[in-house]
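Single-letter residue listing:
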Amino acid sequence: MPNQTEANLSALIESTEDHIWSVDLSCRLILFNRAFQRHVEQIYGVQVAVGMRPEDMFLLERAAPWPQLFKRALSEGPFRIEHSLLDGHTLEMAFNPIIADGEAMGISVFGKDITERKLAEMQLRDSEERYRATFEQAAVGIVHASFDGRYLRCNMRFAEIVGYALEEIPGMTFQQITLPEDQAKCEAARQQMASGAIEGASLEKRYLRKDGSLTWVKLTCSTQRDAEGRALHNIAVVEDINARKTVEESLAAAQGALRLSEERYHTAFQTCLDSIAISRLSDGKYIDANQAFLDNIGFEREEIIGRTPLELGIWVDARDWQKITEMLRQNSICRGLEARFRRKNGDIFWGHISASVFEFDCAPCVLSITRDISDAKLAEEEIRNLAFYDPLTALPNRRLLLERLRQALVASVRSGRSQALLSIDLDNFKTLNDTLGHQTGDLLLQEAARRIAACVSAADTVGRLSGDEFLLILEDLSEVPEEAAAQAEAVGEKILASIHNPYLLEGRECRSTCSIGITIFGGRRNSTDEILQQADIALHQAKAAGRDTIRFFSRALQAAVNARAAMEEDLRQAIKTNQFLLYYQPQVEWGRLTGAEALIRWRHPARGIMPPDEFIPPAEESRLILPVGDWVMETACAQIASWAGQKNTAHLSVAVNISALQFRQPGFVEQVLAALDRAGANPENLKLELTESMLANNIEDIIAKMTELKSHGLRFSLDDFGTGYSSLAYLKRLPLDELKIDRAFGRDILVDATSGAIAQTIISLGRAMGLSVVAEGVETEEQRSFLAALGCHAFQGYLISRPLPLEEFEAFLQNFAESCAPLRGAWESYAREIGTGEPILSRWAMSLTSQNENPRGKISLELPGWREK
């Protein structure tokens, strides 16, 4: 048992990536693991061996105090240090004395690479320093306050505005520096934000400064929330608007006594640092402006007088100007509107505008005061970016991702539509980071982020969760979970392919892959933690499956996706190993076998013979219908050529079903003609069956291709006629030869008058257009007789024969020919005696009785009036 324990311990030491090594009391190496050996040999180029001293291994670090560290471990016991190596890595090293029988035998050292942790700490400090610099150096006041109105912290500009020292403000309440008449509106806004009724508020108020003076400010407040959406505290951006308020108050007083204080008005008007303009309310044309306005927008006075803001292009969004004009017409005053303005040189800036209507020369005019708040907006944006976006990739960070996920959960419950969360992890990123350095790793993360974002729409959310892990939230997917899973998988496959493409990083070509875990949610309430856990479990499944792959969390969805993928893979294998075969179903007209429809079957190695309805839909979805269709065309053409060499089969035509995807291919015509040429088949014996649904799009291209093939002798049949889309205007332009009555009408023709009427209409339409008509799915003599009475004499269905493999079909041909031979002479004599007109021939009855075990049957012809003739 001790030997087994020692073996297990040795295996554990050798498998860890941490450095483990030991020295004896003379500081000579007595034990080391592979991780330590690999590191020393790769970085320092020294072959590690027992008996070496640390200074012999770490050649460039002879100054490192190894003996002192070992003595400390012996005297003080275990301790840890952080040690920076010359290759840029940082190790956390644990020194432990080795004690045996109460005596010190040596020292063991455990080294753990903490480079990534130290880098993350450094990035966090850098982010905090940038936030602090923005906070402290902002041109506007910024203050954090609790929901009970107590100030938590502020920047220097806020302290300057209220006249207190910076250290005096934390702990104060807003009531201490707010006038009683302003406290009510502040309290109302505070309570609404605390309850979550509103996310932010903007108001103007007066602060009572420390020296007793009053100053006007504009507060823009917002609520700071944690990752789960819980309110933490308020943040207020405070602007000093004392100068503007002074001007507004002066102008308000001047409006009532304009003629008495004209000189005072003009002094305030021209010396105000804020932009002031006067325009007519009726048409918006400027009639005056102060120098600050002209300097701010970059125009001369003569350039603006008599012109409107829209003519000058001053408002970036004309709707903002229209909005403020409408407000002034209704209320005569407008305050606190923020909008973007354009200077003459094209520069854009944010402005805070207030306006009021007054009488001037007996006409209503507008006095507007605009203040440049671009610096405040930039500060707000910087604070927002630092709080919600990853500085390396500019993608949403964990906090914003969790908020977006919470919103998606709420939206999915409301709409009933499915959403998807994809957890994406770059495979083996740590190895690349350690090998090529963190700078290259950062470049890879940036490029990977760009590629992932390019794979989704603007409505979806891509973010960086941490390290090399990204999250993708797909919204507004299908209401059907299976379809939503297929949509999410398609996005995942696109991301796998994009990440797999090579990267050119600092002149070096690198490659990477990723693993993706997907969970589908919606329709019931889940927490963000549950959804994240599901995606993480699926991601681990993807990694366990060998990486560079996708896995779903849900067992049911995973099974559906696996089944679909297995079907596609089986189809690819079937194409490679030629597992398909053609069955042939006879077509009979006037009692004469004229051809057959080629129907594909799949000889699946595990599931046996599979009918087309089980594999054609997934083949079309995966575009594998193209190689499958090519095989059918080649095989059918070869069979036409083979039958052409036999007298009794040379006349037979073969009908081949063509998918819409096949027909839309640019080289379809050339592919068909090439297949005929390779087989040496007569084009006149090949009939292509199209469906009505193909006529819904690009009809001109369809007509062109059909006309080209028709010129080479091919024939066309419109399959399942009457079940899909077909315009008679288009139908008459198509170079068709045949219409096929769908089996649904033939099956119900004896019990459903509507089906009979539709069949009669199709037969009449075919006769009018000079087309032959074939009834599909004819299973009983009664159905055949009814259709014959309507004028249809070409049939296909189980009454004649089920679809047969080639050998059985050729046996059926032989039996059919032998059964008909004795009657052929009587048929010809009868035709000569009474004529061959359709009204008489249509009364002939042909019955084919098929046996269950043997497809061969008997044929009897009853000639009306034969006994009398």
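Everything quoted here is computed from the prediction, not taken from an experiment.

How each quantity is defined
- Per chain, residues are indexed from 1 in the order of the written sequence.
- It should be noted that, the model being predicted, local features are given only for residues of pLDDT at least 70 and side-chain atom pairs only at 80 or more, the latter also being counted only at that level, while totals for whole chains, interfaces and linings use all residues.
- Only hydrogens and water are set aside; all other atoms, that is, all heavy atoms of the structure, feed into the side-chain values.
- Two aromatic rings from Phe, Tyr or Trp, using only the six-membered ring of Trp, form a pair when their centres are within 6.5 Å; if the ring planes differ by under 30 degrees the pair is stacked, by over 60 it is edge-to-face, and anything between is tilted.
- The buried label applies to any residue whose accessible area, calculated with a 1.4 Å probe on protein chains only, is under 20% of its type's maximum; exposed applies above 50%, and partly exposed to all values in between.
- Criterion for a charge above a ring: Arg CZ or Lys NZ at most 6 Å from the ring centre, at most 35 degrees from the ring normal.
- Salt bridge, as used here: a side-chain nitrogen of Lys or Arg that lies within 4 Å of a carboxyl oxygen of Asp or Glu.
- Think of it this way: any DSSP run of H or I at least four residues long counts as a helix, any run of E at least two long counts as a strand, and we number them from the N terminus.
- As a rule, the C-alpha atoms of each element are fitted with a line to give its axis, helices using only the stretch in contact, and angles between N-to-C directions run from 0 to 180 degrees.
- Should an angle fall under 35 degrees it is taken as roughly parallel, and over 145 as roughly antiparallel, whereas 65 to 115 is taken as roughly perpendicular and any remaining angle as oblique.
- Note on contacts: a residue pair qualifies if any of its non-hydrogen atoms lie within 4.5 Å across the two residues.
- Residue type decides the class: Asp, Glu, Lys and Arg count as charged, Ala, Val, Leu, Ile, Met, Phe, Trp, Tyr, Cys and Pro as nonpolar, and the leftover types, Gly among them, as polar.
- Residues belong to a common nonpolar core when they are buried Ala, Val, Leu, Ile, Met, Phe, Trp, Tyr or Cys residues joined through side-chain atoms within 4.5 Å.
- Strand pairing requires that DSSP identify at least two bridges connecting the strands.
- Exposure above 30% relative accessible area and the lack of any salt bridge qualify a residue for a patch; like charges then connect within 9 Å, and the nonpolar side chains Val, Leu, Ile, Met, Phe, Trp and Tyr within 5 Å.
- Per-residue and other accessible areas follow the Shrake-Rupley method at a 1.4 Å probe size, with only the shown protein chains counted as cover for residues.
- Criterion for a disulfide: a pair of cysteine sulfur atoms at a distance within 2.5 Å.
- What pLDDT expresses is the predictor's confidence in each residue, scored from 0 to 100.
- Multiply 1.5 Å by the residue count of a helix minus one, and that product is the helix's expected span.
- Think of it as the arc spanned by the lines of direction from the helix axis to the C-beta atoms.
- Distance and chemistry together define a polar contact, namely a pair of N or O atoms within 3.5 Å, with one atom able to donate a hydrogen and the other to accept it when in protein, and with adjacent residues in sequence counting only for side-chain atoms on both sides.

Quick look at the packing of aromatic side chains now. A complete count under the given rule lists 18 aromatic pairs for this structure. Relative to Phe158, the ring of Tyr151 lies with its centre 5.7 Å away and its plane at 70°, an arrangement referred to as edge-to-face. Exposure class is identical for Tyr151 and Phe158. Each is buried. An aromatic cluster of three or more residues is present, and its members are Trp21, Phe36, Phe70, Phe79 and Phe95. Of note, Arg72 hangs over the ring of Phe79, and the distance from its end group to the ring centre comes to 3.9 Å. Here the guanidinium or amino end of Arg601 rests over the ring plane of Tyr583, the centre of that ring lying 5.0 Å away.

Let us now look at the pattern of salt bridges. All told, the structure shown has 42 salt bridges when counted by the stated rule. A salt bridge links Glu447 to Arg450; its shortest N-O distance comes to 2.4 Å. Placement of both Glu447 and Arg450 in helix H17 (residues 438-454) is noted, with a separation of three residues, approximately one turn of the helix. Between Glu568 and Arg572 there is a salt bridge; the shortest N-O distance is 3.8 Å. Linking Glu568 with Arg572, this pair stays in helix H20 (residues 555-577), spanning four residues, or about one helical turn. Each of Asp425, Asp427, Lys543 and Arg547 takes part in one network of salt bridges that share partners.

This part is about the packing of helix H15 (residues 398-415) against helix H19 (residues 528-544). In the contact formed by H15 and H19, the axes pass within 10 Å of each other and the chain directions differ by 105°. Here H15 is positioned roughly perpendicular relative to H19, judged by the angle of their axes. Here Leu402, Leu405, Arg406 and Leu409 of H15 lie close against H19, whose contacting residues are Thr528, Ile531 and Leu532. Considered class by class, the residues forming the contact of H15 with H19 number five nonpolar, one polar and one charged.

Membership of the largest hydrophobic core comes to 78 residues, with the highest contact counts inside it found for Phe615, Met633, Val656, Leu686, Leu688, Leu734 and Leu736. With nine residues, helix H22 (residues 625-644) is the largest single contributor of residues to this core. Counting 35 residues, the second-largest nonpolar core is a separate cluster that includes Ile452, Tyr503, Ile520 and Phe552.

Burial of strand E21 (residues 514-521) is extensive: eight of the eight residues sit out of reach of the surface. Here E21 runs beside strand E22 (residues 550-552); their pairing, made up of three bridges, is parallel. Within E22, the residue paired with Gly517 across the bridge is Arg551.

For the rest of this paragraph, the subject is a nonpolar patch on the surface. On the surface, Leu750, Val751 and Phe786 cluster together into a nonpolar patch covering about 290 Å² of accessible area. In this structure, Phe786 sits in helix H29 (residues 781-790).

Now for the sheet that holds strand E7 (residues 151-154). The five strands lie next to each other as E7-E6-E10-E9-E8, forming an open sheet whose pairing is antiparallel. Pairing within the sheet leaves two strands with one partner each, and these edge strands are E7 and strand E8 (200-208). Across the sheet, the mean angle separating the axes of adjacent strands is 30° when strand polarity is ignored. Relative to strand E10 (residues 231-240), strand E6 (residues 141-145) runs antiparallel, the two being bridged by five bridges. Bridged to Ile142 within E10 is Val237.

Ordered in space as E17-E18-E16-E21-E22, the five strands form an open sheet in which the pairing is mixed. Strand pairing shows two members of the sheet lacking a second neighbour, strand E17 (461-466) and E22, which therefore form its edges. Each strand axis lies, on average, 20° off the axis of its neighbour in the sheet, ignoring direction. Together, strand E16 (419-426), E17, strand E18 (469-474) and E21 form the strand contacts of H15, whose direction differs from that of E17 by roughly 135°.

The subject of this paragraph is the state of the cysteines. By the definition in use, this model includes zero disulfides. Cysteine Cys455 remains unbridged, with the sulfur of Cys514 as its closest cysteine sulfur at 9.2 Å.

On to the pairing of E7, then. As judged from the three bridges shared by E6 and E7, these two strands associate in the antiparallel manner. Residue pairing in the sheet places His144 in a bridge with Arg153 of E7. Connecting E6 to the antiparallel partner E7 that follows it, the hairpin turn spans five residues, and Gly149 within it adopts a positive phi of roughly 90°.

Here we come to the confidence of the model for the protein. This prediction gives the protein a mean pLDDT of 83; 86% of its residues lie at or above 70. Of the regions scoring below 50 in pLDDT, residues 822-869 engages in 72 contacts with residues more than four places distant in sequence or in other chains.

To continue, consider helix H28 (residues 753-769). Note: α-helices contain 3.6 residues per turn, so residues at a spacing of three or four share the same orientation. With 17 residues, H28 should cover 24 Å at 1.5 Å per step; its first-to-last C-alpha distance of 24 Å lies within 8% of that length. Buried within H28 we find Ser755, Gly756, Ala759, Ile762, Ile763 and Gly766. Along H28, the residues classed as buried sweep out an arc of 125° about the axis, all on the same side. Facing away from the buried surface of H28 by more than 90 degrees, the exposed residues are Ala753, Thr761 and Ala768. Elements that come into contact with the buried residues of H28 comprise strand E28 (715-721), strand E29 (738-741), helix H27 (743-747), strand E30 (772-775) and H29. If you check the start of H28, you find a side-chain oxygen 3.2 Å away from the backbone N of Thr754, and it comes from Asp752. Where H28 terminates, the next one or two residues include Gly770, which has phi positive at roughly 75°.

Turning our attention to helix H16 (residues 429-436). Every buried residue of H16 is accounted for by Phe429, Leu432 and Asn433. One side of H16 carries all its buried residues, which in axial view fall inside an arc of 100°. Immediately beyond the C-terminal end of H16, within one or two residues, lies Gly437, with a positive phi of roughly 100°.

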